[in-house]
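Letter by letter, the chains look like this.
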Amino acid sequence: MTQTILDPTGRGSQHAGAPADAADPQGRPTPELAPRPASLAGARIGLLDNTKHNALLFLTVVGELLVEEHGAASIGIVETKKNFSIPVDEEIVSRYRESCDVVVTGVGDCGSCSAAAVADGINFERAGLPAAVVLTDAFDITGRTMAGVQGAPDYEWIRTAHPMAVLTEEQVRERARLLLPEILSTLTDADQTSRA
């Protein structure tokens, strides 16, 4: 007897053990990474806060470091999502496209917010904006599942130790400093060949 499994990713049920279909259910082409600039000199940084505790502080510190140490022109836009578990829509993507050159988003620190953060990164990439998505390492499977649902099963994000929400302000600042090189290489062409 075959049992139906409810799939929370929205792909529809499959038989247990059946291979997952990596195609985007909306029929969009598999996204390629947006073209990366050679550096962030003069770039406008966009920050998308997913409302999770410490996410805005982390992103703000990252933005400031990119301006102070890597020549970014400004933090062009900072928004906080209305719902951490829902991916950004075209209206939000359009605002970022007008106001920034690259985006840093996260921090995926739970299941639904991690899945949505991955979808956000893919949506920004489809719009031509290089995106650095930060998730805690406890939610790799969630992120990988959403990447498959979005038609980008090989999409990569930046991993950090779980949890982020319980860190002190000083620890969040240290975490931002620690992850800065990987965020920088994700947003520029310095390491693009290994992420393609």
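Nothing here was measured: the structure is a model prediction, and the numbers come from that model. In this convention, every chain numbers its residues from 1, walking through the sequence in written order. Local features are withheld for residues below a pLDDT of 70 in this predicted model, meaning they are given only at 70 or higher, and side-chain atom pairs are given and counted only at 80 or more; totals for whole chains, interfaces and linings count all residues. The side-chain values count all of the structure's non-hydrogen atoms but skip hydrogen atoms and water molecules.

> So what's going on with the environment of E182? Which residues, and what values?
Under the scheme used here, helices are H or I runs from DSSP no shorter than 4 residues and strands are E runs no shorter than 2 residues, and both carry numbers assigned from the N terminus. Of note, E182 is situated in helix α5 (residues 169–187). Look at E182 and you get partly exposed, because its relative accessible area is 36%. Spatially, the C-alpha atoms of E182 and I158 are 7.2 Å apart, while their sequence positions differ by 24 residues. Relative accessibility under 20% of the residue-type maximum defines a buried residue, over 50% an exposed one, and the middle range a partly exposed one, all with a 1.4 Å probe and only protein chains included.

> Would you mind going over the packing of helix α3 (residues 111–126) against helix α4 (residues 140–149) in detail, with residue names and values included?
A fitted line through C-alpha atoms serves as each axis, taken over the contacting stretch for helices, and the angle formed by two N-to-C directions is quoted from 0 to 180°. At a closest axis distance of 8 Å, the pairing of α3 and α4 adopts a crossing angle of 40 degrees. Viewed along their axes, α3 and α4 adopt a mutual orientation that is oblique. Note on packing geometry: the crossing formed by α3 with α4 is right-handed. On α4, the residues touching G111, A115, V118, A119 and I122 of α3 are T142, G143, M146 and A147. Should an angle fall under 35 degrees it is called roughly parallel, over 145 degrees roughly antiparallel, and 65 to 115 degrees roughly perpendicular, with every other angle called oblique. By definition, any crossing whose near helix is turned counterclockwise from its far helix by less than a right angle is left-handed, and any crossing with a clockwise turn is right-handed. The contact criterion used is simple: two residues touch if any of their non-hydrogen atoms lie within 4.5 Å.

> An account of the confidence of the model for the protein is requested, with residue identities and associated values reported.
Predictor confidence is given residue by residue as pLDDT, running from a minimum of 0 to a maximum of 100. Per-residue pLDDT for the protein has a mean of 86; in total, 81% of the residues score no lower than 70. Across residues 4–24, confidence stays below pLDDT 50; counting only partners more than four residues off in sequence or on other chains, it has 26 contacts. Note that pLDDT drops below 50 for residues 191–196; the model gives that stretch nine contacts with residues more than four away or on any other chain.

> Which residues make up the environment of V107, and what values go with them?
Structurally, the position occupied by V107 is in strand β3 (residues 102–108). Taking the C-alpha atoms as reference points, V107 and L48, separated by 59 residues in sequence, lie 9.2 Å from one another. Ignoring any residue separated from it by four or fewer positions in sequence, one finds V107 in contact with N50, K52, A55, F58, C113, V134, T136 and M164.

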